[in-house]
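Here is how the chains run, residue by residue.
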Amino acid sequence: MSLFYSMWPVVLTTYNLPPWICMKAEYLMLSLLIPGPQSPDKDMDVFLRPLIDELKELWVHGLDTRDAAYENGVFQMRAALLWTVNDFPARSSLFGWSGQGYRACPTCNEDTPSMRVIGKTAYFGHHRFLPTNHHWRSNLQFDGRTERKRPPRRFSTTDILEQLRRVKTGIPGKHPNYGGVKRKRGDDELNWRKKSIFYELPYWVDIELKHNLDVMHIEKNVCDSLLGTLLADPHKSKDTDNARRDLANLGIRQELHLFEDGNKLMKPAADYTFSEGNRRKFCRFIRSVKFPDGFASNLSKNVAQNDSRLLGLKSHDCHVIMQRLLPVGCRSLVSKNIWGTIVELCMFFKQLCASTINVSDMVEAQKQLVLILCKLERIFPPAFFDIMIHLVLHLPEEAILGGPVHMRWMYPFKRYLKRLKDYVRNAAKPEGSIAEGYVVDEALTFCSRYFDDVETRFNRPDRNDDGIHPTRQLSVFESQCNSLGKQSYVELDNNARDKAEFYILNNSPELEPYLKMQAPEVTTELLSLSSKTNMVVSSYPACIVNGVRFVTHEHDVRLRTQNSGVSVPGTGQEMFYGQLQEILEFSYLNGFLVVLFRCKWFKCDSKHMVTENNITSIDINGEAYKDDQFILASQAKQVFYVADPSRGPNWRVVQHVKHLTNASRHVTDDSSFLNDADEVELSDEEDESVEEYADEETDAENDIDTEEDDDDRSYHASDSD
């Protein structure tokens, strides 16, 4: 099926649910399905009318709802629409502010910094956001002029309403006789196309954050622009011939201007693009990266055969590259000034996408982003700065108003759209197929809640589920795992067994009262612990501990994933890093078991471990603690290592992985927690499926998402990807 088809699902989610389930597909409500084959564009409000009427009724009159917690079993429920989540083009149809032209930014409004370059509008001139006395305002390297304008104003809800009063009411419809005639906006209308139907909601005018800027699409577009320009991709590079002509028209960076050499037009090499050899180095670096199980897709498949560019990157691929790989891979390939600016931008996205954020950090990030964008303007040509680059500036402000981004971005809804597309069985009637499939799936989901003796999506074990182990009086006996692979037996010598037993005893805090002769009676577990372990212990190639998959290094080198990296915290602030060598299960009397990891630990002194710009590099050739290699399986934290091209073949960059604890995964009966965006199980068939988790509950109620399907195999995408 290769139809140019566009439909718009409108999805509601309830924020009053616990944060680990409110973004799950089972709790999303398909309230509307705006039919295709073309985009509704300015007629979006016509299709939203039934939803708006119901939302008004829910707010004004409420709805009688049954709840056993009340004496009469009924209470009056009211609901409010908190905000919308959508990509940037869809925002124009919802909000009414056009995302094109000189005033494309809905936050900066009529003060959007923009300029016309050859063939496009560039959103250039961010030194205007600097304080009026900043010395960069008089620097001519930006656009050849001194910036004397004041920073853009902040438009209040009252200012927006005043602008909307000047907007003429249009007639819906696409027919020329019924509103389809294109009219030219007046100067007093700015970029407004209409007054949104959401303003009919009594509370909508008082909401500060009405429409979220989608971090997922913005991060993907920024990553595509950076990679395309750095790799000189002929299809995605912003460093075109016209971009060089723009520099000549502005009279800046003369060393980059085009010049004629005989009958040929020559284009000087720029310091912000990789040379041909460096392009191969970067692509080989990406090809060599191995992620932990379920962390990200296999990026080696996205590297071109000639190692010259990256192809077919999904949104989550760009998310991982921006926050994990780009700062490492380009360190030795560009100048320190360019690398430092790129790292600052990447670290901002990493800070923004954290599960918890501080308001003070976002306020400081807002100030730093202005400097980062100004530095980028002194590096890249004006054509590099499309609207997506500019929108990065407003992400900290929205984070302050709306909280962590994992409750406000498109990842869960994108995954839900994939489910809706799977409902299509009749390509001639996709809307009907989706509606029928949705109703059937809702009925089956409801019924499956009551099938305790049947495996359903709600009681099916997770892929990396280690089961529920019995609670013990001695914590060391809780260091157990779900072993994987073929069991083998290893006979330890006396020295190795003594070291393992000493480590087990030394990590048993429950023994302190016995050492002080203040202990109660002797228990069975204590008697078992005081006895010797067997000389022959069980060994496994892999195991699952607290929902994390670990694989010994010997087996790990043969896989496309990397699960052998481990770390443990020290007594102070230091961290110890190593590789898992063996998984050993020690047997005690009465059937008690203890699982130990034997690891190769790397030297962590200043000579063998260096931290620069929040990037920690370690020399894997330096081995330490050869006489102290054991740790409890429950103490291990997973890390993975990425090659560090700037320091040599024996150096690796440490990348930490954040996992859910075993306790948090069993808080409720529905233990299918949403993972952080960096800890996503991605398959080749569903690379963009992403789940995230939240630490804190928000007191919002409803969230609306309107988005076109983005699978080019079936439907036309209106995304800004």
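Relevant structure appears above.
One structure accompanies this document, and this report is about it.

A word on the overall build of the protein chain
Reasoning step 1: Helix and strand counts for the protein chain come out as 17 helices and 25 strands.
Reasoning step 2: Per-residue burial over the protein chain gives 53% buried out of 721 residues.
Reasoning step 3: Look at the contacts in the protein chain between residues 6 or more apart in sequence, and 68% of them connect residues 24 or more apart.

Points about a nonpolar patch on the surface
Reasoning step 1: A contiguous nonpolar patch, built from Phe-446, Tyr-450, Phe-451 and Val-454 and spanning about 450 Å² of accessible area, is present on the exposed surface.
Reasoning step 2: Along the chain, Val-454 falls in the loop between α13 (430-448) and β11 (482-484).
Reasoning step 3: The exposure class of Val-454 is partly exposed, given its relative accessible area of 40%.

Here we look at the environment of Thr-456
Reasoning step 1: Note on placement: Thr-456 falls in the loop between α13 and β11.
Reasoning step 2: C-alpha of Thr-456 to C-alpha of Thr-445: the two residues are eleven residues apart in sequence and 8.9 Å apart in space.
Reasoning step 3: With sequence-adjacent residues up to four places away left out, Thr-456 is seen in contact with Ser-448 and Phe-451.

Considering the sheet that holds strand β15 (residues 548-551)
Reasoning step 1: Across the sheet, three strands lie side by side as β11-β14-β15; this open sheet has antiparallel pairing. The outermost strands of the open sheet, each flanked by one partner alone, are β11 and β15. Shown here is a sheet whose adjacent strand axes are inclined to one another by a mean of 25 degrees, direction ignored.

A look at the pairing of β15
Reasoning step 1: Side chains Val-548 and Phe-550 of β15 all project onto a buried face; the interleaved residues Arg-549 and Val-551 project onto the opposite face, where all are buried too.
Reasoning step 2: Linking two consecutive strands that pair antiparallel, namely strand β14 (residues 542-545) and β15, is a turn of two residues; a positive phi of about 50 degrees is found at Asn-546 within it.

With respect to the pattern of salt bridges
Reasoning step 1: As enumerated under the stated definition, the model contains 37 salt bridges in all.
Reasoning step 2: Between Lys-42 and Asp-43 there is a salt bridge, with its nearest N and O atoms 3.6 Å apart.
Reasoning step 3: As a salt-bridge pair, Glu-162 and Arg-165 come within 3.0 Å of each other at their nearest N and O atoms. With a gap of three residues between them, Glu-162 and Arg-165 both fall in helix α3 (residues 157-165), about one helical turn apart.

Thoughts on unusual backbone geometry
Reasoning step 1: The omega torsion of the bond from Gly-36 to Pro-37 falls at 5 degrees, within 30 degrees of zero and hence cis.
Reasoning step 2: One can find Pro-37 in the loop between β2 (28-34) and α1 (44-60).
Reasoning step 3: A positive phi is found at Asn-613, a non-glycine position, where the angle reads about 55 degrees.
Reasoning step 4: Residue classification places Asn-613 among the partly exposed residues on the basis of a relative accessible area of 36%.

Observations concerning α3
Reasoning step 1: For α3, the set of buried residues is Ile-160, Gln-163 and Leu-164. Looking straight down α3, one finds its buried side chains confined to an arc of 100 degrees; they lie on one side. Relative to its buried face, α3 has exposed residues pointing more than 90 degrees away, namely Thr-158 and Arg-165.

Some points on the packing of helix α4 (residues 215-230) against helix α8 (residues 336-352)
The description of two packed helices rests on the angle between their axes and on the distance between the axes.
Reasoning step 1: Running from N to C, α4 and α8 cross one another at 160 degrees; their axes reach a closest spacing of 12 Å. Considered as vectors, α4 and α8 are oriented roughly antiparallel to each other. With respect to the hand of their crossing, α4 and α8 are arranged in left-handed fashion. Here Val-215, Glu-219, Val-222, Leu-226 and Leu-230 of α4 lie close against α8, whose contacting residues are Ile-342, Leu-345, Phe-349 and Leu-352.
Reasoning step 2: The residue inventory of the contact of α4 with α8, partitioned by class, reads eight nonpolar, no polar and one charged.

Parameters and conventions
Residues numbered from 1 in each chain as written. Predicted model: local features only at pLDDT ≥ 70, side-chain atom pairs only at ≥ 80, totals over all residues. Heavy atoms only, no water. Helix = DSSP H or I, 4+ residues; strand = E, 2+ residues; numbered from the N terminus. Buried < 20%, exposed > 50% of the residue type's maximum accessible area, 1.4 Å probe, protein only. Contact = heavy atoms within 4.5 Å. Patch = residues over 30% accessible without salt bridge, like charges linked within 9 Å, V, L, I, M, F, W, Y side chains within 5 Å. Areas by Shrake-Rupley, 256 points an atom, 1.4 Å probe, with all protein chains shown as cover. Salt bridge = Lys/Arg side-chain N within 4 Å of Asp/Glu carboxyl O. Pairing = 2+ DSSP bridges. Axes fitted to C-alpha atoms, helices over the stretch in contact; angles between N-to-C directions. Arc of directions from axis to C-beta. Parallel < 35°, antiparallel > 145°, perpendicular 65-115°, else oblique. Left-handed = near helix turned anticlockwise from the far one by under 90°. Nonpolar A, V, L, I, M, F, W, Y, C, P; charged D, E, K, R; others polar.

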